[in-house]
Structure formats: structure tokens, C-alpha cells
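Notes for the structure review
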Amino acid sequence: MREPQTGLRASGDTRRPSREEAEAAVRTLLAWTGDDLTREGLLDTPKRVVDSYAEYFWGYDGDPVDELSRTFEDVQGYDDIVMLRDIDFASHCEHHMVPIIGVAHVAYIPDRRIVGISKLARVVDIYAKRLQTQETMTAQIANCIQEALKPKGVAVMIDALHQCMTMRGVHKKGTTTITTRFTGVFSEDKAERDRFMQLVNGTRVLASR
Ligand SMILES: Nc1nc2c(ncn2[C@@H]2O[C@H](COP(=O)(O)OP(=O)(O)OP(=O)(O)O)[C@@H](O)[C@H]2O)c(=O)[nH]1
Ligand SMILES: [Zn+2]
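Residues numbered from 1 in each chain as written. Chains lettered and ligands numbered in written order. Predicted model: local features only at pLDDT ≥ 70, side-chain atom pairs only at ≥ 80, totals over all residues. Heavy atoms only, no water.

The test is simple: UniProt positions are given in the numbering used here, feature names are shortened, and annotations may be inferred rather than shown by experiment.
As recorded by an unreviewed UniProt entry, the protein carries the name GTP cyclohydrolase 1 and is attributed to Rhodomicrobium udaipurense. Annotation of the protein in UniProt includes, under Catalytic activity (unreviewed entry), the sentence "GTP + H2O = 7,8-dihydroneopterin 3'-triphosphate + formate + H(+)".

**Looking at the overall build of the protein**
Operational definition: A run of DSSP states H or I qualifies as a helix once it reaches four residues; a run of E qualifies as a strand once it reaches two. Both are numbered from the N-terminal end. Using a 1.4 Å probe on the protein chains alone, a residue whose accessible area is under 20% of its type maximum counts as buried, one over 50% counts as exposed, and one in between counts as partly exposed. By definition in these notes, contact holds between two residues if any of their heavy atoms fall within 4.5 Å.
The number of helices and strands found in the protein is nine helices and seven strands. When its C-alpha atoms are laid out on the principal axes, the protein stretches across 65 × 40 × 35 Å. For the protein, the proportion of its 209 residues judged to be buried stands at 35%. At a minimum sequence separation of 6, the contacts of the protein that also span at least 24 residues come to 68%.

**Focus: the coordination of the zinc ion (ligand 2)**
The following threshold applies: A donor here means an N, O or S atom no more than 2.8 Å from the metal, or no more than 3.2 Å when the metal is Na, K or Ca. Since water is not included, a site may seem to lack partners.
Distances from the zinc ion (ligand 2) to its protein donors, Cys93 (SG), His96 (ND1) and Cys164 (SG), fall at 2.0 to 2.3 Å. For the zinc ion (ligand 2), all donor residues lie on one chain, and their spacing in sequence is C-x2-H-x67-C. Of this pair, Cys93 sits in strand β2 (residues 82-93) while Cys164 sits in helix α7 (residues 163-166); the two residues are 71 residues apart in sequence, bridging distant segments of the chain.

**As for a nonpolar patch on the surface**
Selection rule: Within this analysis, patches are made of residues with over 30% relative accessible area and no salt bridge. Like charges are joined at 9 Å or less; nonpolar side chains (Val, Leu, Ile, Met, Phe, Trp, Tyr) at 5 Å or less. Using a 1.4 Å probe, accessible areas were evaluated by the Shrake-Rupley method; residue-level cover was limited to the displayed protein chains. In what follows, salt bridge is the name for a side-chain nitrogen of Lys or Arg lying within 4 Å of a carboxyl oxygen of Asp or Glu.
A grouping of Tyr53, Tyr56 and Met97 is seen on the molecular surface, where their side chains present a nonpolar patch of about 260 Å² in accessible area. Tracing the backbone through its elements, the reader meets Tyr53 in helix α3 (residues 45-56). Judged by relative accessible area, Tyr53 falls into the partly exposed class, the value being 36%.

**Details of the UniProt feature "domain: GTP cyclohydrolase I" (unreviewed entry) in the protein**
The residues that UniProt annotates with the feature "domain: GTP cyclohydrolase I" (unreviewed entry) are residues 23-200. A helix fraction of 44% and a strand fraction of 26% characterise residues 23-200, whose end C-alpha atoms lie 42 Å from each other.

**A few points about the packing of aromatic side chains**
For any pair of aromatic rings, the description rests on two quantities: the centre-to-centre distance and the angle between the ring planes. Counted only if it meets this: Aromatic contacts are taken between Phe, Tyr and Trp rings whose centres are within 6.5 Å, Trp giving its six-membered ring; a plane angle under 30 degrees counts as stacked, one over 60 as edge-to-face, and the others as tilted.
Taken as a whole and judged by the stated rule, the model has five aromatic pairs. Consider the rings of Tyr53 and Phe57, whose centres lie 5.2 Å apart with planes at 75°: the pair is edge-to-face. With centroids separated by 6.1 Å and ring planes inclined at 90°, the aromatic side chains of Tyr56 and Phe57 adopt a geometry described as edge-to-face. Exposure remark for Tyr56: the relative accessible area of 33% places this residue in the partly exposed category. Among the aromatic residues, those joined into a cluster by ring pairs are Tyr53, Tyr56 and Phe57.

**Let's talk about the site of ligand 1**
Quick reminder of the rule: For this purpose, a residue is taken to be near a molecule or strand whenever a single non-hydrogen atom of the residue falls within 4 Å of it. By the criterion applied in these results, polar contacts are pairs of N or O atoms within 3.5 Å in which, for protein atoms, one can donate a hydrogen and the other can accept it, and in which residues neighboring in sequence qualify only through two side-chain atoms. Three residue categories are used. Nonpolar comprises Ala, Val, Leu, Ile, Met, Phe, Trp, Tyr, Cys and Pro, charged comprises Asp, Glu, Lys and Arg, and polar comprises the others, including Gly.
Close to ligand 1 lie Cys93, His95, His96, Thr133, Gln134, Glu135, His162, Cys164, Met165, Arg168 and Gly169, which account for all nearby residues. Glu135 places a side-chain nitrogen or oxygen 2.7 Å from a nitrogen atom of ligand 1. Surface burial for ligand 1 is 50%, taken as the share of its 630 Å² of free accessible area covered by protein chains. Secondary structure elements with two or more residues in the shell around ligand 1: α6 (134-149) and α7. When the residues that make up the shell around ligand 1 are grouped by side-chain class, the tally is three nonpolar, six polar and two charged.

**As for the nonpolar core**
How we decide: The set of buried Ala, Val, Leu, Ile, Met, Phe, Trp, Tyr and Cys residues whose side-chain atoms join them within 4.5 Å is what this entry labels a nonpolar core.
If you look at the biggest cluster of nonpolar residues, it comprises 31 residues, and the most contacted ones within it are Phe89, Tyr108, Ile141 and Ile145. Counting residues per element, the ones that place at least two in this core are β2, β3 (99-109), β4 (114-115), α5 (117-128), α6 and β6 (153-162). Ranked by the residues each element gives to this core, the list is headed by α6, at seven residues. Here Phe89 is in contact with Ile100, Ile101, Gly102, Val103, Ala104, Val124, Ala128, Met137, Ile158 and Ala160, once residues within four sequence places are set aside. Residues Ala107, Ile109, Ala155 and Val200 belong to the second largest nonpolar core, which totals eight residues.

See below:
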């Protein structure tokens, strides 16, 4: 397993617990709820939960820079915004470990090199499949694209629902959180930021196709 790029296990304990240890931890939490661990419906739950965690958190094993390593230059001098709008993602908040569900809008202005558009969505997924705050995830996506592609600028907006605010705690159903990060020309030039915002807010003609 590749060592995660976030601050995971910075405490010095670098041993990843075994699957058996992870399942035992789930059994502890199940017992803590007060339910009966021996009833049929719960017997396989620790295994299912650990399988689910492997899906929720595979992003620690992903390498976003590697995803952006294949680039193309033969684009007839194309040098304007490339934007992926409404990239859906599901992440987990690092404070409560409950879902953050949202969309990311990711744009960059190439400096000669372009990247396969699916790779931008892969970068979003790699960071989403980790424990996150929305601010961190927004910055990580923008920084990674800026460093890997060295484009003229990167713009990222995330619009997301935090279930720690809807199903528990303050119980604010329908409140979304919006975060942005701009680099290069997007941070220097208000007109570029405005153009990004217009594209984010533009009519979604193809959305249902
Ligand atoms: N800035 C930021 N805060 C987040 C994010 N996800 C969850 N939070 C907040 O993290 C905070 C944790 O606050 P604490 O007071 O330590 O935890 P808590 O007692 O569970 O807080 P409540 O959610 O208010 O009940 C809460 O205000 C959450 O709304 C995020 O992505 N970014
Ligand atoms: Zn939370």
C-alpha cells in the first residue's frame, strides 16, 4: 500500500490494522449501540462494514499526480477554459465520518498541454475517497492540477451537503456549503473568475441525457 499523502498516521504509528482488527472494531461499535451481535442480521455486518470502508476510503491508495501524467499537446493552439461541471462525488467528513455528498466544478486554462478530461474527475474521486473537510478537498484538487499540469490557472468550486449537518447536530436540511479555490489567472483576473462563475451557473442543456 502506498503511504497516504495526507497527514494520516503522522503520529508515528504506521502499521495499518489488519482486516480482523477492523472487523473487531466494528463489533465493538455494534455492541456499543446495545444491539445483539449474535442475531442473524448482524452476523456479517462487521465484514460488510469493512468492505464498505474499503470503498469509501480507497483514495489513500490513489495517486492524483499520476492520473495527470499523460498529456497531449497537439490541440491546434487551444488555449481557453476547459471545464468539467457537476462532477458528482461522495466523500466523508473527517470530524464525524458521515457522508459529504456534492458536485465539483473543475476548470483550467492550458498552457500548451491538455489532459484527458476523465482524469480531472479521477482526481476529484481520489481526494473524495478520503476523510475530508470540504476546504481541504477543494484546495487539494486545485493544487494538484496546478502542480501537475502547470496550466495558466485552475478554478475549483465544490457545492456539497454535509450529512453531519442534516441528519444530526444542527439539523439544517438542504443547506449546502460552497467552497472555491483559484490559482494563476483565475486568482489574478476577476474577469476570468467571472467567466468561470458564468459557466458554473449556465443552463444545463445536456444534464438529463
Ligand atoms: N469547516 C468545515 N467544517 C466541517 C466540515 N465538515 C464538518 N464540519 C464541522 O466540523 C465541526 C466540528 O465541531 P465540533 O464542535 O468539534 O463537533 P460537534 O460537537 O459534533 O459539532 P456539531 O456538528 O455542531 O454538533 C462542526 O461545526 C461541523 O459542522 C467541513 O468540511 N469543513
Ligand atoms: Zn461532519
